[in-house]
Every structure is written in C-alpha cells, then in structure tokens.
Amino acid sequence: EMPTNNYVESSFWNFDALFQPQQHPARDAHDTFFISDPSKTTVFNDEYVKEVSQIHSNGGFGSQGHGYDWKIDEAAKNLLRTHTTAVSARMLYQLAKQKEFKPQKYFSIDRVF
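Only a predicted model underlies this, so the values are computations on that prediction, with no experimental measurement involved.

1. Considering the side chain of Ser-10
1) Next: Residue placement: Ser-10 occurs in strand 1 (residues 8–10).
2) Next: Beyond its immediate chain neighbours, meaning those up to four positions away, Ser-10 contacts Thr-41, Ala-75, Lys-77 and Asn-78.

Quick look at the structure:
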C-alpha cells in the first residue's frame, strides 16, 4: 500500500505532476479546498519541477504541451488532496529515482476532499 497519510498536498503533486493545466476548471476554488495556513509550499525538487513545467509549456515525449507560461506560484498552493492519484504521482517519482527498477504493485485507498 502506498503511504496515504498526507491529506494536505501541493497543487504541484495534485495537479501539475499529472499534467492538468493550471487554468483547468477543476482547480477552481469551488472544486478544491485550498489551505490558508500555510498557503504555499517551498519543498520542491527543482530539476523535476523544471521538467514538468517544460512539458506543460512546450510539450515533450510526443505531447504538444498546453502552450502557456507555467507558474510556480500556482503549483506551490497547498490544498486538501482531491484524489489519491497525487499519492501515485509521488510514488512513481520515487520509483523512477531508484538505481535499479524492480516491478512492484501498489494501491491506495483513502480520503479525498
């Protein structure tokens, strides 16, 4: 089972790492519970953030991207996670950093808001 004890998530892991555009309606305040304190995170892997921002803006790996100026301020917003796929994104990122790939199965069942 994946670690699902992180109810507060950054917009980066909840939306951006999953390549949902920053102007997507699901990111509006009426669909997402944003946290006011602390309202933003500063914990990022700069190299990975740069890769994700480039794909959002310019595309890559066969994608044309979304063609807009990706903003770190939008990605830094804290929220109550809207799905557990954010947990999957974090887990896949951690697995990709391993020196040797080992096939594994993961699942998560937990609260979303």
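There is more to say, and it comes next.
2. Quick word on the layout of surface pockets
1) Next: Here the largest pocket defines a volume of roughly 190 Å³.
2) Next: Broken down by secondary-structure element, the contributors of at least two residues to the lining of the largest pocket are strand 1, helix 1 (11–14), helix 2 (46–58) and helix 4 (85–96).
3) Next: Along the lines of polarity and charge, the residues of the lining of the largest pocket split into seven nonpolar, four polar and two charged.
4) Next: In this structure, the second largest pocket encloses a volume near 160 Å³.
5) Next: Lining of the second largest pocket is provided by Ala-17, Leu-18, Phe-19, Tyr-48, Thr-85, Ser-88, Ala-89, Leu-92, Tyr-93, Ala-96 and Lys-97.
6) Next: Its residues placed into classes, the lining of the second largest pocket shows eight nonpolar, two polar and one charged.

What counts and how
The residue numbering used here restarts from 1 in each chain and proceeds along that chain's sequence as written. Only residues with pLDDT of at least 70 are given local features in this predicted model, and only at 80 or more are side-chain atom pairs given and counted; all residues enter the totals for whole chains, interfaces and linings. Excluding hydrogens and water, the side-chain figures rest on all heavy atoms present in the structure. Each helix corresponds to a stretch of at least 4 residues labelled H or I by DSSP, and each strand to a stretch of at least 2 residues labelled E; elements are numbered beginning at the N terminus. Whether two residues are in contact is decided by their heavy atoms: any pair within 4.5 Å suffices. The pocket and cavity definitions rest on a 1 Å grid over protein atoms only: a 1.4 Å probe that fits but cannot leave marks a cavity, an open set with protein on both sides within 12 Å along at least five of seven lines marks a pocket, and residues lining either have an atom within 4 Å of a point. Grid points are joined across faces, edges and corners, and a volume is the space filled by probe spheres set on the points. Under the scheme applied here, ten amino acids are nonpolar (Ala, Val, Leu, Ile, Met, Phe, Trp, Tyr, Cys and Pro), four are charged (Asp, Glu, Lys and Arg), and all others, including Gly, are polar.

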